[in-house]
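Spelled out from the first residue to the last, the chains are:
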Amino acid sequence: MHKPHDATVALREGIFDYARKRLEYDPAPLDAPQTLEFLLEAAGPTVTENGLGGLETLSLFEQVLAPATISTDHPGYLSFIPCAPTEAAKLFDLIVSASAIYGGSWMEGAGAVYAENQVLEWLAREAGLPEGAGGVFVQGGTLGNLSALVAARHKAAQARQARGLARPERWKFICSAEAHSSLKAAAAVMDVDLIKAAVDENGRLRGQAVEAAISSAGDGLFAVVATGGTTNFGIVDDLDEVGQAAKSHSLWFHVDGAYGIAGMLAPISKPLFLGLDRADSFIVDPHKWLFAPFDACALLYRNPEDGRQAHTQHGEYLDTLTESGDWNPSDYAYNLTRRPRGLPLWFSLATHGIKAYRDAVQQNVELARKIADEIELRQGFSLVRQPELSVVVFERDGWNIDDYNRWSDRLLQDGIAFVVPSSHKGRPNTRFAIVNPETSFELLCEILDSMDAK
Ligand SMILES: *Cc1c(COP(=O)(O)O)cnc(C)c1O
């Protein structure tokens, strides 16, 4: 047998040692970004004609680059939406990388595709979609939303053609004014119009507003998008009403739940997702609130054939795959070559069981409600709105944006937490996005305490 080179053996040990060290941190150092000037000075050029050598490059990463990179799984990382994978998911991600598995086709990746599909079927079941629902793990919610909308338009175009109608002047879809920026991006890429329906006083899209938007939209409408947990506040639109409105006009109903749909797993937040079973498609990002590593978005179709019709790529060298009748994940989104990025979640889910996931989501929602109560009790703090899922937005009375920025920088430099300013209706605030089971009430109180001084 081919005997590995000594340097390869040493590098393998070095990599495993470093990976073990990362995994054994409790918690991992929060770390903080550095300037380009600093990194040029400290790391210098790294891509060279003859190479630096494996252990030397690893050491450079460990000593210089890793400390300049924030650990999104630190319990004090509470900005944007953090990523807090289970240990099982992280470990299995190593195996995915070590295995060079192709996740695009059944022919090449049957075992991996089987495992990914088990997870997708489970998510569809939790959402109440009928038997036969399915989809694919894509890179992120942005790509998931785009792929669903492309499928929706494709279906609408086919229906029009079948009825002998000409193309509309402009294709259009409806979403709420609170919808994620990726929908605007999708509309731009697709060159379609985005119609923003009004939200109610709680920031929620309701059926009536959708009806109004539909009746004034004119020709070319192909979909209605609801948000299952806005990124900023965790607001869940009235999925039942919005879905009903969309379907009564034969429009595709898509639910963007990149962050929030994980909330359907816990008894405490499940009622918010009533009506999700009406969806023609939905997305949820395991890298947000399903405790899996970057980067993965589960895209689900009620009728996967709609996705396949819209997305299958044809080419001479691909025909042997596309004409096989097998389930090929690549056919269900705007992608071709793909990593089986659903496997880390699959392994962790298979290891721990579904209940562990319900419990973890429930715990995050309960913690969000508990710290919201604490904020309401504290002098000098105001809750911007009651949390529904696990995002808590609040103000420190009298602070301007500079006060928030100074405090936020200090918190990061001290290695305590990463909590950045945000804003609502022109007023600065800050928010805790809680998706990490290691985030404790005590840590959140310590962060609030740190706001006693500007
Ligand atoms: C994060 C998010 C997205 C975008 O997902 P990415 O994985 O970042 O591309 C879309 N919609 C909502 C509601 C989100 O929270």
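Residues numbered from 1 in each chain as written. Predicted model: local features only at pLDDT ≥ 70, side-chain atom pairs only at ≥ 80, totals over all residues. Heavy atoms only, no water.

Undergrad: Mind showing me how you'd approach the site of the ligand here?
TA: Near the ligand you find 14 residues, and of these T142, T231, D256, D285 and K288 are the closest. With respect to the ligand, the side chain of T142 contributes an N or O atom lying 2.7 Å from an oxygen atom. Within the contact set of the ligand, an oxygen atom lies 2.9 Å away from a side-chain nitrogen or oxygen of K288. When the ligand sits alone it has 380 Å² of accessible area, and the protein chains cover 87% of it. Among the secondary structure elements, those contributing two or more residues to the shell around the ligand are α6 (141-162) and α10 (286-289). Counting residues per element, the shell around the ligand draws most heavily on α6, at 3 residues. (Near = heavy atom within 4 Å. Polar contact = N/O pair within 3.5 Å; in protein donor to acceptor, adjacent residues only side chain to side chain. Areas by Shrake-Rupley, 256 points an atom, 1.4 Å probe, with all protein chains shown as cover. Helix = DSSP H or I, 4+ residues; strand = E, 2+ residues; numbered from the N terminus.)

Undergrad: Whenever I open this one, the sheet that holds strand β9 (residues 391-396) confuses me. Can you help?
TA: Two pairing modes exist for strands in a sheet, parallel and antiparallel, and in both the strands are linked by backbone hydrogen bonds. Spatially, β8-β9-β11-β10 is the arrangement adopted by the 4 strands of the open sheet, whose pairing is antiparallel. Lying at the two open borders of the sheet, with one neighbouring strand each, are β8 (381-383) and β10 (421-424). With direction set aside, neighbouring strand axes in the sheet form an average angle of 45°. When β10 meets strand β11 (residues 427-433), the two strands line up antiparallel, connected through 4 bridges. Directly across from H424, in β11, lies its bridge partner R427. Its contacts with the sheet put helix α15 (residues 401-413) on β9, β10 and β11, and the angle it makes with β11 is roughly 30°. (Pairing = 2+ DSSP bridges. Axes fitted to C-alpha atoms, helices over the stretch in contact; angles between N-to-C directions. Contact = heavy atoms within 4.5 Å.)

Undergrad: It is not clear to me how the pattern of salt bridges should be interpreted in this structure. Could you clarify?
TA: Two side chains bearing opposite charge may form a pair once their charged atoms approach each other closely. In the structure shown here, the tally under the stated rule is 26 salt bridges. R338 serves as the salt-bridge partner of E116, at 2.9 Å between the closest nitrogen and oxygen. One end of the pair, E116, is in helix α5 (residues 106-127); the other, R338, is in the loop between α12 (319-322) and α13 (343-352), and 222 residues separate them in sequence. Given the relative accessible area of 2%, E116 is considered buried. Of the charged contacts in the structure, one is a salt bridge between D200 and R206, with a shortest N-O distance of 3.7 Å. Overall, D200 belongs to the buried group, its relative accessible area being 18%. (Salt bridge = Lys/Arg side-chain N within 4 Å of Asp/Glu carboxyl O. Buried < 20%, exposed > 50% of the residue type's maximum accessible area, 1.4 Å probe, protein only.)

Nothing here speaks to function; it is geometry throughout.
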